Amino acid sequence: MSDVILASKSSIRAQLLRNAGVPVRVTSAAVDEDMIKRSLQAEGHRPRDVADALAEAKAHRVGQKDPGSFTIGCDQVLDLDGALLSKAETPEEAAEHLERLSDRTHRLYSAAVIFHEARPIWRHIGEARLTMRRLSAGYIASYLDRNWPEVGSSVGVYQIEAEGSRLFSRIDGDYFSILGLPLLPLLTFLTDRGVIET
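None of the values given here were measured: they were computed from a predicted structure. (Residues numbered from 1 in each chain as written. Predicted model: local features only at pLDDT ≥ 70, side-chain atom pairs only at ≥ 80, totals over all residues. Heavy atoms only, no water.)

Glancing now at the overall build of the chain. Counting its secondary structure elements, the chain contains seven helices and seven strands. Counting helices and strands in the order they occur from the N terminus, the chain gives β-α-β-α-α-β-β-α-β-β-α-β-α-α. For the chain, the C-alpha radius of gyration of 17 Å lies close to 16 Å, the compact-globule estimate for 198 residues. With the principal axes as the frame, the chain shows a C-alpha extent of 50 × 35 × 25 Å. A separation threshold of at least 6 residues defines the contact pool for the chain, and within that pool the share at least 24 residues apart is 66%. Here the chain displays about 9,600 Å² of accessible surface, and carbon together with sulfur accounts for 45% of that area. (Helix = DSSP H or I, 4+ residues; strand = E, 2+ residues; numbered from the N terminus. Rg over C-alpha atoms; globule rule 2.2 N^0.38 Å. Contact = heavy atoms within 4.5 Å. Areas by Shrake-Rupley, 256 points an atom, 1.4 Å probe, with all protein chains shown as cover.)

So, about helix α7 (residues 183–192). Where α7 is concerned, the buried positions are Leu183, Leu186, Leu187, Phe189 and Leu190. Considered in projection along α7, the buried side chains sweep an arc of 160 degrees and stay on one side of the axis. Buried positions along α7 lie against α1 (11–19), β3 (70–80), β5 (105–116), β6 (119–132) and α6 (175–179). Directly after α7, the chain includes glycine 194, whose backbone phi takes a positive value near 80 degrees. (Buried < 20%, exposed > 50% of the residue type's maximum accessible area, 1.4 Å probe, protein only. Arc of directions from axis to C-beta.)

What follows deals with the packing of aromatic side chains. Taken as a whole and assessed by the stated rule, the structure comprises four aromatic pairs. Seen from their ring centres, tyrosine 175 and phenylalanine 176 are 5.9 Å apart, and the 65 degrees between their planes marks the pair as edge-to-face. Note on tyrosine 175: relative accessible area 41%, which makes it partly exposed. With relative accessibility at 24%, the residue phenylalanine 176 sits in the partly exposed group. (Phe/Tyr/Trp six-rings, centres within 6.5 Å; stacked < 30°, edge-to-face > 60°.)

Further remarks concern the environment of aspartate 172. Its place among the elements puts aspartate 172 in strand β7 (residues 168–173). Taking the C-alpha atoms as reference points, aspartate 172 and lysine 37, separated by 135 residues in sequence, lie 26 Å from one another. Side chain to side chain, aspartate 172 and arginine 170 meet in a polar contact 2.7 Å long. (Polar contact = N/O pair within 3.5 Å; in protein donor to acceptor, adjacent residues only side chain to side chain.)

Moving on, we get to the side chain of serine 102. Tracing the backbone through its elements, the reader meets serine 102 in the loop between α4 (91–101) and β5. At 2.8 Å, the side chain of serine 102 forms a polar contact with the backbone nitrogen of leucine 135.

The next thing to look at is α4. Of the residues making up α4, those classed as buried are Ala94, Ala95, His97, Leu98 and Leu101. Taken down its axis, α4 places every buried residue within 160 degrees of arc, on the same side. Every exposed residue of α4 that faces more than 90 degrees away from the buried side is listed here: Glu92 and Glu99. As for α4, its buried residues are in contact with β3, β4 (83–85), β5, β6 and α5 (137–147). Remark: aspartate 103 follows α4 within two positions and exhibits a positive phi of approximately 65 degrees.

Let us look at the pairing of β3. Taken across its eleven residues, β3 has eleven buried, putting it largely inside the fold. Residues of β3 alternate between two faces, with Phe70, Ile72, Cys74, Gln76, Leu78 and Leu80 on one and Thr71, Gly73, Asp75, Val77 and Asp79 on the opposite face, all of them buried. Looking at chain direction, strand β1 (residues 4–7) and β3 are connected through four bridges and run parallel. Across the sheet, leucine 6 pairs through a bridge with isoleucine 72, a residue of β3. Bridge analysis of β3 against β5 gives nine bridges, and the strand direction is antiparallel. Bridge pairing in β5 links leucine 78 to leucine 108. Bridge analysis of β3 against β4 gives three bridges, and the strand direction is antiparallel. (Pairing = 2+ DSSP bridges.)

This next bit is on the packing of helix α2 (residues 33–42) against helix α3 (residues 47–63). Viewed as axis vectors pointing N to C, α2 and α3 meet at an angle of 140 degrees, and their least axial separation amounts to 10 Å. The two elements α2 and α3 meet at a crossing, and its hand is right-handed. Contact with α2, carried on its side by Glu33, Ile36, Lys37 and Leu40, involves Val50, Ala53, Leu54, Ala57 and Lys58 of α3 and no other residues of that element. Residue composition of the contact of α2 with α3, by class: six nonpolar, no polar and three charged. (Axes fitted to C-alpha atoms, helices over the stretch in contact; angles between N-to-C directions. Left-handed = near helix turned anticlockwise from the far one by under 90°. Nonpolar A, V, L, I, M, F, W, Y, C, P; charged D, E, K, R; others polar.)

The structure is reproduced here in structure tokens:
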């Protein structure tokens, strides 16, 4: 069985793969995400294309060091009416993000790209539509008091597997993609290629 490398520092992505029985090594990919985002946005690329490009950049950076392995690069972006919303750096910025998302529907794109033998051999972009409840300023403040800084690592300032589920009135799409990894298509590919056992 070939080695599988996850080019991501996301603990939830690694946990999802390990829970599914995939033996995975984790190596963080040193890429300038902000520069890539700014460049692609300036060129008019759609948010889903930004997610795909970031995932490929991470897979390429780590995969070129170990070309015989199957290296998974991942990224997730939040699309609010065509605008990208990045991770919040401070509780104040997190509150602003939640105010913007309150009572609105946004999309999450979770991209995964696999590099093998120095080239991309598979890619997939999972999508989910999430409608947030109308949130009061008081609830936003108390929510962040309870959940910051943990939610700061999540685009949209929520972790759907925790209290973040209370923020939403409707969710359409793949649960695993909301967590940051299109897990089922990824497992199908790895199984079909014989990388993991059936």
